[in-house]
Amino acid sequence: MDFDTLVSMVVWTVSGAVLLCVLMLVDSLFTRYNDMEELKAGNMAVTTRLVLKLLSQGYILSASIAAANRLGTALIVSVVSFVLLFVLEKSVEQLLSRWGNLELDHGTQLGKVGYGLMAGSLHVTGALIIAAFIRG
């Protein structure tokens, strides 16, 4: 492994970590609760949802880094994927709310781990689909 590869690895890793932090911050703006306060309070449903979303975004970033020749391309793919996952989550939440009287956001805030798992699993499923597309 040469020096350029090591420098590239550091730059890609730091850029990816910054992007993931920004995406998780943006995501927290669209929940009915304060993610950090819920985490501090020990809400396992919120923690589960957040961990699954972070893993999903990390997996997509990993796939886009593996497929991209440029850092900017990989980061843009991750941002577009985040938007797709956000739309997927909100769409399914609306359907579950209308058809099943199931409020994922509210149940997650109440600490119902099943609700957090369901919300997070939407992202995992979407991430698997998106990553498969990215890798071809």
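Our subject is the structure listed above.
All of these numbers come straight from a predicted model, not from anything done at the bench.

Rules of the game
- Residues numbered from 1 in each chain as written.
- Predicted model: local features only at pLDDT ≥ 70, side-chain atom pairs only at ≥ 80, totals over all residues.
- Heavy atoms only, no water.
- Helix = DSSP H or I, 4+ residues; strand = E, 2+ residues; numbered from the N terminus.
- Buried < 20%, exposed > 50% of the residue type's maximum accessible area, 1.4 Å probe, protein only.
- Contact = heavy atoms within 4.5 Å.
- Areas by Shrake-Rupley, 256 points an atom, 1.4 Å probe, with all protein chains shown as cover.
- Lys, Arg positive; Asp, Glu negative; His and termini not counted.
- Charge placed at Lys NZ, Arg CZ, Asp CG, Glu CD.
- Expected span 1.5 Å × (residues − 1).
- Polar contact = N/O pair within 3.5 Å; in protein donor to acceptor, adjacent residues only side chain to side chain.
- Axes fitted to C-alpha atoms, helices over the stretch in contact; angles between N-to-C directions.
- Parallel < 35°, antiparallel > 145°, perpendicular 65-115°, else oblique.
- Left-handed = near helix turned anticlockwise from the far one by under 90°.
- Nonpolar A, V, L, I, M, F, W, Y, C, P; charged D, E, K, R; others polar.

Observations regarding the overall build of the chain
- Counting its secondary structure elements, the chain contains six helices and zero strands.
- The burial tally for the chain puts 37% of its 136 residues in the buried class.
- The long-range fraction of contacts in the chain, counting pairs at least 24 apart against all pairs at least 6 apart in sequence, stands at 72%.
- Summed over its atoms, the accessible surface of the chain is roughly 7900 Å², and 70% of this surface lies on carbon and sulfur atoms.
- Side-chain charges in the chain split into 9 positive and 10 negative, and the spacing between the mean points of these groups amounts to 6 Å.

Points about the environment of Leu54
- Position of Leu54 among the secondary structure elements: in helix H3 (residues 44-67).
- Residue Leu54 is classed as partly exposed on the basis of its relative accessible area of 39%.
- Distance from Leu54 to Phe3, taken between C-alpha atoms, is 30 Å for residues 51 residues apart in sequence.

Side note on H3
- When the terminal C-alpha atoms of H3 are compared, their 34 Å separation across 24 residues agrees well with the 34 Å that a helix rising 1.5 Å per residue should span.
- Residue Asn43 occupies the N-cap position of H3, its side-chain oxygen lying 3.0 Å from the main-chain nitrogen of Ala45.

Quick word on the packing of helix H1 (residues 3-29) against helix H4 (residues 71-100)
- As a packed pair, H1 and H4 sit with axes 11 Å apart at the nearest point and diverge in direction by 25 degrees. With respect to H4, the axis of H1 lies roughly parallel. Once H1 is placed against H4, the crossing between them reads as right-handed. Contacts between H1 and H4 involve Val11, Trp12, Ser15, Gly16, Leu19, Leu23, Val26 and Asp27 from the first element and Leu71, Ala74, Leu75, Ser78, Val79, Phe82 and Glu89 from the second.
- Taken together, the residues of the contact of H1 with H4 break down into ten nonpolar, three polar and two charged.

Concerning the side chain of Glu93
- You can see Glu93 is positioned in helix H4.
- According to the relative accessible area criterion, Glu93 is buried, its value standing at 13%.
- Sequence-distant contacts of Glu93, that is, excluding residues within four places in its chain, are made with Leu102 and Leu104.

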